[in-house]
Amino acid sequence: TLMDSRALKKAALERPRKPPNQPAAASPAPPGQTAVEISGWGVPEQQLLDLAKRRALAVKEVLVKHYRVAPERLFICLPEVDRKHTAQPRVELTL
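For the chain, the count of helices and strands is 2 helices and 2 strands. Element order for the chain, N to C, with α for helix and β for strand: α-β-β-α. Counting all 95 residues of the chain, 20% fall into the buried class. Contacts spanning at least 24 positions in sequence make up 56% of the contacts within the chain whose residues lie at least 6 apart.

Glancing now at helix H2 (residues 45–67). Between the first and last C-alpha of H2 there are 32 Å, a value that for 23 residues agrees with the 33 Å anticipated at 1.5 Å per step. Listed in full, the buried residues belonging to H2 are Glu 45, Leu 48, Leu 51, Arg 55, Ala 56, Val 59, Val 62 and Leu 63. Phi turns positive one or two residues past the end of H2, at Arg 68, with a value near 55°.

Quick look at unusual backbone geometry now. Positioned with a positive phi, Arg 68 is a non-glycine residue whose angle comes to about 55°. Within the secondary structure layout, Arg 68 lies in the segment after H2.

Moving on to the pattern of salt bridges. As enumerated under the stated definition, the model contains 3 salt bridges in all. The salt bridge involving Glu 61 is made with Lys 65; its shortest N-O contact spans 3.1 Å. On the criterion of helical spacing, the pair formed by Glu 61 and Lys 65 is a turn pair, its members being 4 residues apart in helix H2. Taking the relative accessible area as the measure of exposure, Lys 65 reaches 59% and is therefore exposed. Between Arg 90 and Asp 82 there is a salt bridge, and its shortest N-O distance comes to 3.1 Å. According to the relative accessible area criterion, Arg 90 is partly exposed, its value standing at 43%. A network of salt bridges, in which partner residues are shared, links Asp 82, Arg 90 and Glu 92.

Definitions and limits used
- Residues numbered from 1 in each chain as written.
- Predicted model: local features only at pLDDT ≥ 70, side-chain atom pairs only at ≥ 80, totals over all residues.
- Heavy atoms only, no water.
- Helix = DSSP H or I, 4+ residues; strand = E, 2+ residues; numbered from the N terminus.
- Buried < 20%, exposed > 50% of the residue type's maximum accessible area, 1.4 Å probe, protein only.
- Contact = heavy atoms within 4.5 Å.
- Expected span 1.5 Å × (residues − 1).
- Salt bridge = Lys/Arg side-chain N within 4 Å of Asp/Glu carboxyl O.

Structural data, given as structure tokens:
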């Protein structure tokens, strides 16, 4: 249904927001971590991997609760960080 697809899209596109008309501040990576440059601001790679895991779990939860997919049929693989400047938040599903 339309509500279910909206919930799925919201879960997949979850990302931190900044106030309008305010440039994003660069945050240096903690010692020993690398940062990935995304849209003009540095984000520690571990933070991106954690976000990817949470996003995948949110999508799985929607599929199980709203679409009645058996949870044992869904597998969450290791997340990858897309380092392209044009990268967009996404969850890839393979059938």
